[in-house]
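# Fold and geometry: a report
What follows is the residue order along each chain.
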Amino acid sequence: MTKHCVAVDIGASSGRLIAGHIENGTLQLQEVHRFENKIVQKGNHFCWEVDTLFAEIKKGIHKCRELGLQPESIGIDTWAVDFVLLDEDGNPLTDAVSYRDPRTDGMMEEVFNIISKERLYLETGIQFQKFNTIYQLYALKQSNPEILEKAKAFLMIPEYFNYLLTGKKANEYTNATSTQLVNAFTKKWDKELLGQLGINPDMFQDIQMPKTILGNLTEELVEEFGFDMKVVLPATHDTGSAVLSVPSLEDTIYISSGTWSLIGVENPFPICVPKALDYNFTNEGGMDYRYRFLKNIMGLWMIQEVRRNYNNQYSFAELVQLAQEAADFRSIVNVDDARFLKPDNMIKAIQNYCRETEQAVPSTVGEVAKCVFDSLVASYEKAIGEIEEIFEKEFKTIHIIGGGCQNELLNQKIADATNKTVYAGPVEATAIGNLVAQLMALGEIDNLNEARELIQQSFEVKTFEKIEACIN
Ligand SMILES: Nc1ncnc2c1ncn2[C@@H]1O[C@H](COP(=O)(O)OP(=O)(O)O)[C@@H](O)[C@H]1O
Ligand SMILES: C[C@H](O)[C@H](O)[C@@H](O)C(=O)COP(=O)(O)O
Ligand SMILES: [Mg+2]
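Labelled according to an unreviewed UniProt entry, the chain appears under the name Rhamnulokinase, originating from Ectobacillus funiculus. The heading Catalytic activity (unreviewed entry) in the UniProt record of the chain holds the text "L-rhamnulose + ATP = L-rhamnulose 1-phosphate + ADP + H(+)". Taken verbatim from the UniProt record of the chain, the Pathway (unreviewed entry) comment is "Carbohydrate degradation; L-rhamnose degradation; glycerone phosphate from L-rhamnose: step 2/3."

Following this line, the structure appears as structure tokens:
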């Protein structure tokens, strides 16, 4: 009897529970529950509503039963870097502050006074994003040292949900690497670095690998749900799960396209050469100690915020259509400019940037949307050039996975700009990667190569080639 699993994938803009099982040689998916996720202001900070998110996870588990599903296991993945600290009684000491909160402003520079940027990169191989966990903890140490002194457990967001499900505390490897506190070579918490920063190393748990079975549900939850499940650690960093779903990684560049665009390649070892540092690439940990050599690009966050600024009156598909109709608008912005990380109004931030750079200022919805999409393409093209320079090779194909792969205008623009074959899909790549990790843990799939073959057989991808400009 084939085993059913349920993946919980929570990205910065939405969460979903997707059940999966293998039937007739393919992975069959069933969406069980979908919900919104967003950052909210709590006191002086931008935070995630983790209690609401956990309630949505439980609602989804209840829906499994209503659908007649009794999953053997559940696995949770979310965005990276953010965390909750627990006291000695296992109670949260902090809100789940978001990586977009300004509390880390200036912290990176303060940390460089303790350990140089070069040395930090050589030891961790992680890109310099001002919101990395290392800078969040350093900020907390400056503002509320008493909280850090009381903290007995550091749990990243998926691990906090795992703790609520099982009562067990564990840090998982792929997400731990995003903190910039794991040594890229020992693959363990860098206790010397933590000591230098004055952060208590004892609150970190031993790092567990994806495919680990963490435990079972608490008795209270078995009673509530009416059934038990194993809680499995997938690659709990959502991008770590997404990359597992790239059907074929031979000579391809992937773009995990959601709130963020994560563009990179899979590599068997970390690359910490000076050029990788200069171009700010990261070496986040992957399943089976693979490396995700990639960089963050601001991503579809920008169109999400544009949509919100227009009071959500346009669907994403309508924004794409309107961008298509604004074909003659040409201005572009540097999407990785810090002003776009959390502006009060994204439209105004884009317009101001165009004004400051003496470009036409977008005024219509279509012009704003086109400016976002064209600007993302420009950033992807630059990153691809940097990857090919570092690897000293040309990559022939690009795999776009995640919700953003539904943006066919963007897919075509990427193919036109890079002259590479673009494969788009699967949309729910993260949940699929989460599910195959569980199926491997349960012995339904032997290894990652087999998992990727299963994914290739199970999901359609759309192909986009450069359209040669017609010469009249
Ligand atoms: N029908 C669509 N057409 C074009 N783009 C879409 C469509 N549906 C979703 N998207 C894009 O996908 C993005 C969400 O991707 P997703 O992977 O779900 O994000 P996350 O995991 O970060 O919450 C949206 O911001 C939007 O830009
Ligand atoms: C802040 C991190 O860089 C971010 O979590 C990124 O790594 C990521 O995985 C984002 O996933 P989304 O699904 O929210 O785009
Ligand atoms: Mg996502």
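Along its length, the chain carries 18 helices and 20 strands. By the compact-globule yardstick of 23 Å for 472 residues, the chain fits well, its C-alpha radius of gyration being 22 Å. Principal-axis analysis of the C-alpha atoms gives the chain an extent of 70 × 60 × 45 Å. Of all 472 residues assigned to the chain, the portion counted as buried reaches 50%. Sequence-distant contacts in the chain: of pairs separated by 6 or more residues, those separated by 24 or more amount to 73%.

We now examine the sheet that holds strand β19 (residues 421-424). In spatial order, the strands read β16-β17-β15-β14-β18-β19-β20; together these seven strands make up an open sheet with mixed pairing. At either margin of the open sheet sits one strand with a lone partner, and together these are β16 (282-285) and β20 (462-464). Taking the axes of each pair of neighbouring strands and ignoring which way they run, one obtains an average angle of 30° across the sheet. Where β19 and β20 come together, three bridges link them in antiparallel fashion. Bridge assignment links V422 to a residue of β20, and that residue is F464. Of the strands in this sheet, β14 (252-257), β15 (261-267) and β17 (291-297) touch helix α15 (residues 365-391), which is tilted by about 20° from β15.

β17 sits mainly inside the fold: seven of its seven residues count as buried. Burial along β17 is two-sided: Y291, F293, K295 and I297 and R292, L294 and N296, pointing in opposite directions, are all buried. Where β15 and β17 come together, seven bridges link them in antiparallel fashion. Following the sheet pairing, N267 is matched in β17 by Y291.

Looking now at the site of ligand 2. Around ligand 2 there are 13 residues in total, and G11, A12, W79, G258 and T259 lie nearest to it. Classifying every residue of the shell around ligand 2 gives seven nonpolar, five polar and one charged.

Okay, helix α4 (residues 133-143) next. With eight of its eleven residues buried, α4 lies for the most part within the structure. Among all positions in α4, only T133, I134, Y135, Q136, L137, Y138, A139 and L140 are buried. Looking at the buried positions of α4, the neighbouring elements they touch are β7 (83-86), β8 (96-97), α2 (107-112), α5 (145-150) and α8 (191-197).

Turning to the pairing of strand β3 (residues 26-36), a few remarks are in order. Two elements, strand β2 (residues 14-23) and β3, share ten bridges in a ladder whose sense is antiparallel. Its bridge partner being in β3, A19 is matched across the sheet by Q30. Once β2 ends, the chain turns through two residues before running back antiparallel as β3, passing N24 with a positive phi of about 50°.

As a further point, take the UniProt feature "domain: Carbohydrate kinase FGGY N-terminal" (unreviewed entry) in the chain. Mapped onto this structure's residue numbering, the UniProt feature "domain: Carbohydrate kinase FGGY N-terminal" (unreviewed entry) falls at residues 6-244. Span residues 6-244 is 35% helix and 26% strand, its end C-alpha atoms 17 Å apart.

Bringing the confidence of the model for the chain into the picture now. Of all residues in the chain, 99% attain a pLDDT of 70 or more, and the chain-wide mean is 97. For this predicted complex, the interface score ipTM comes out at 0.99, alongside a pTM of 0.97.

We now examine the site of ligand 1. By nearness alone, 17 residues border ligand 1, and G11, S13, G258, T259 and G403 come closest of all. Looking at the shell around ligand 1, the elements with two or more residues in it are α12 (301-309) and α13 (316-325). Ranked by the residues each element gives to the shell around ligand 1, the list is headed by α13, at three residues. When its residues are assigned to classes, the shell around ligand 1 shows six nonpolar, eleven polar and no charged.

Listed as buried for helix α3 (residues 117-124) are L120, Y121, E123 and T124. Buried positions in α3, seen along its axis, are confined to an arc of 165° and lie on one side of it. The outward face of α3, more than 90 degrees from its buried face, is lined by the exposed residues E118 and R119. At its buried positions, α3 is contacted by α8 and α11 (274-278). Following α3 by one or two positions, G125 adopts a phi angle in the positive range, close to 70°.

So, about unusual backbone geometry. With omega at 0°, the peptide bond leading from G425 into P426 counts as cis. Of note in this structure, N280 is not a glycine but carries a positive phi near 60°. Of note in this structure, E358 is not a glycine but carries a positive phi near 55°. In this structure, E358 sits in the loop between α14 (346-356) and α15.

A few words now on the UniProt feature "binding site: substrate" (unreviewed entry) in the chain. The sites that UniProt annotates as "binding site: substrate" (unreviewed entry) are A80, H237, D238, T239 and N296. For the annotated residues, spread through 217 residues, the largest C-alpha to C-alpha distance comes to 13.7 Å, consistent with a single compact locus. Among the secondary structure elements, T239 is positioned in helix α10 (residues 238-244). Excluding residues within four positions of it along the chain, T239 makes contact with S256, L262 and R292. Mapped onto the elements of the fold, N296 is located in strand β17.

Basis of the calculations
Along each chain, numbering runs from 1 in the same order as the chain's sequence is written. The lettering of chains begins at A and the numbering of ligands begins at 1, in the order of writing. Totals for whole chains, interfaces and linings use all residues, but because this is a predicted model, local features are given only for residues with pLDDT of at least 70 and pairs of side-chain atoms are given and counted only at 80 or more. UniProt positions are given in the numbering used here, feature names are shortened, and annotations may be inferred rather than shown by experiment. Each helix is a run of DSSP H or I of at least 4 residues and each strand a run of E of at least 2, with the numbering of both proceeding from the N terminus. The globule rule is 2.2 Å times the number of residues to the power 0.38, and the radius of gyration it is compared with is taken over C-alpha atoms. Counts of 20 or more other C-beta atoms within 10 Å of a residue's own C-beta define buried residues, counts of 12 or fewer define exposed ones, and intermediate counts define partly exposed ones; C-beta atoms are placed from the backbone. Residues are scored as being in contact if the C-beta atoms we place from backbone atoms lie within 7 Å. A pair of strands is labelled paired if DSSP reports no fewer than 2 bridges between them. Note on definitions: angles span 0 to 180 degrees between N-to-C directions of axes, and those axes are lines fitted to C-alpha atoms, for helices only across the stretch in contact. Here, nearness is defined through the C-beta atom: a residue counts as near a molecule or strand if that backbone-placed atom lies within 6 Å of it. Gly is put with the polar residues, along with every residue not named as nonpolar or charged; the nonpolar set is Ala, Val, Leu, Ile, Met, Phe, Trp, Tyr, Cys and Pro, and the charged set is Asp, Glu, Lys and Arg. Known as pLDDT, the predictor's confidence for each residue is given on a scale from 0 to 100. The arc in question is the one spanned by the directions pointing from the helix axis to the C-beta atoms.

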